[in-house]
Amino acid sequence: MAAAFVYMALIAVMFTALGTAIASLLADFQGFQLVMNFLVMPTFFLSGALFPLSSTMTPIKVIASFNPLSYGVDGLRGALLGGGYHFGAATDLAVMSAITVVLLGLGSYLFSRVQL
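Conventions we followed
Residues numbered from 1 in each chain as written. Predicted model: local features only at pLDDT ≥ 70, side-chain atom pairs only at ≥ 80, totals over all residues. Heavy atoms only, no water. Core = buried A, V, L, I, M, F, W, Y, C linked by side-chain atoms within 4.5 Å. Buried < 20%, exposed > 50% of the residue type's maximum accessible area, 1.4 Å probe, protein only. Helix = DSSP H or I, 4+ residues; strand = E, 2+ residues; numbered from the N terminus. Contact = heavy atoms within 4.5 Å. Polar contact = N/O pair within 3.5 Å; in protein donor to acceptor, adjacent residues only side chain to side chain. Expected span 1.5 Å × (residues − 1). Axes fitted to C-alpha atoms, helices over the stretch in contact; angles between N-to-C directions. Parallel < 35°, antiparallel > 145°, perpendicular 65-115°, else oblique. Left-handed = near helix turned anticlockwise from the far one by under 90°. Nonpolar A, V, L, I, M, F, W, Y, C, P; charged D, E, K, R; others polar. Phe/Tyr/Trp six-rings, centres within 6.5 Å; stacked < 30°, edge-to-face > 60°.

Chemist: Honestly, the nonpolar core in this entry has me stumped. Any pointers?
Modeler: Most often, soluble globular proteins keep nonpolar side chains buried together rather than apart. Counting 9 residues, the largest nonpolar core consists of L10, I11, M14, A17, L69, Y71, V73, M96 and L103. Going through the elements one at a time, helix 1 (2-25), helix 4 (68-81) and helix 5 (89-112) are the ones with two or more residues in this core. No other element matches helix 1, which puts 4 residues into this core. If sequence neighbours within four positions are ignored, A17 has contacts with L103, L104 and G107.

Chemist: Just to check I follow, could you spell out the environment of D92 for this structure?
Modeler: Among the secondary structure elements, D92 is positioned in helix 5. A relative accessible area of 0% places D92 in the buried class. For D92 and M8, which are 84 residues apart along the polypeptide, the C-alpha to C-alpha distance reads 12 Å. Among the polar contacts made by the side chain of D92, one reaches the main-chain amide nitrogen of G75 at a distance of 3.3 Å.

Chemist: Help me understand helix 4, please; the structure alone is not making it clear to me.
Modeler: Residue pairs three or four apart in sequence face the same way in an α-helix, which turns once every 3.6 residues. In a regular helix each residue adds 1.5 Å, so 14 residues correspond to 20 Å; helix 4 covers 20 Å between its end C-alpha atoms and thus fits that length. Considered for burial, the residues of helix 4 that qualify are L69, S70, Y71, G72, V73, D74, G75, G78 and A79. Against helix 1, helix 2 (29-45), helix 3 (58-65) and helix 5 lie the buried residues of helix 4. If you check the start of helix 4, you find a side-chain oxygen 3.1 Å away from the backbone N of L69, and it comes from N67. Positive phi shows up at G82, right after helix 4, with a value of about 80°.

Chemist: How do you make sense of the packing of helix 1 against helix 5 when you look at a structure like this?
Modeler: In a pair of packed helices, the angle between the axes and the distance between the axes together describe the arrangement. It is the contact of helix 1 with helix 5, at a shortest axis distance of 8 Å, that shows an interaxial angle of 30°. Considered as vectors, helix 1 and helix 5 are oriented roughly parallel to each other. As for the relative orientation of helix 1 and helix 5, their crossing is left-handed in sense. When the residues that make up the contact of helix 1 with helix 5 are grouped by side-chain class, the tally is 19 nonpolar, 5 polar and 1 charged.

Chemist: What should I look at first to understand the side chain of S47 in this one?
Modeler: With respect to the element layout, S47 can be found in the loop between helix 2 and helix 3. The residues contacting S47, other than those within four sequence positions of it, are L53, N67, L69, S70 and V73.

Chemist: Looking at this structure, I do not really get the packing of aromatic side chains. What am I missing?
Modeler: Describing an aromatic ring pair means giving the distance of the ring centres and the angle of the ring planes. A full pass over the atoms with the stated rule returns 2 aromatic pairs. Each ring, one from F44 and one from F45, has its centre 5.5 Å from the other, and the planes form 55°; the classification is tilted. The class for F44 is partly exposed, based on a relative accessible area of 33%.

In structure tokens, the structure reads:
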């Protein structure tokens, strides 16, 4: 159960950092909603959250391998089911941690440059 909480925290921090980075670049709130919906919905649908990646066609597996949420969903699914990782537990944790750190750094840098 502890591993599931780690993956949930990584997913939450990753998307919060992504939202902060994008919001720091945009001038109005309406544009932020549009961009986030444009990014979040395809990311969610192609992550394997609605269907397991092992039962999909090869093009979707290739797209999912470039989707950071796929690794979070795979890690969460594997942690809750007690195994059955598509990418592997170490790969899921490494990719999610690396992307989260990069987005946190980028979001922090862009937010520090915002002028009111």
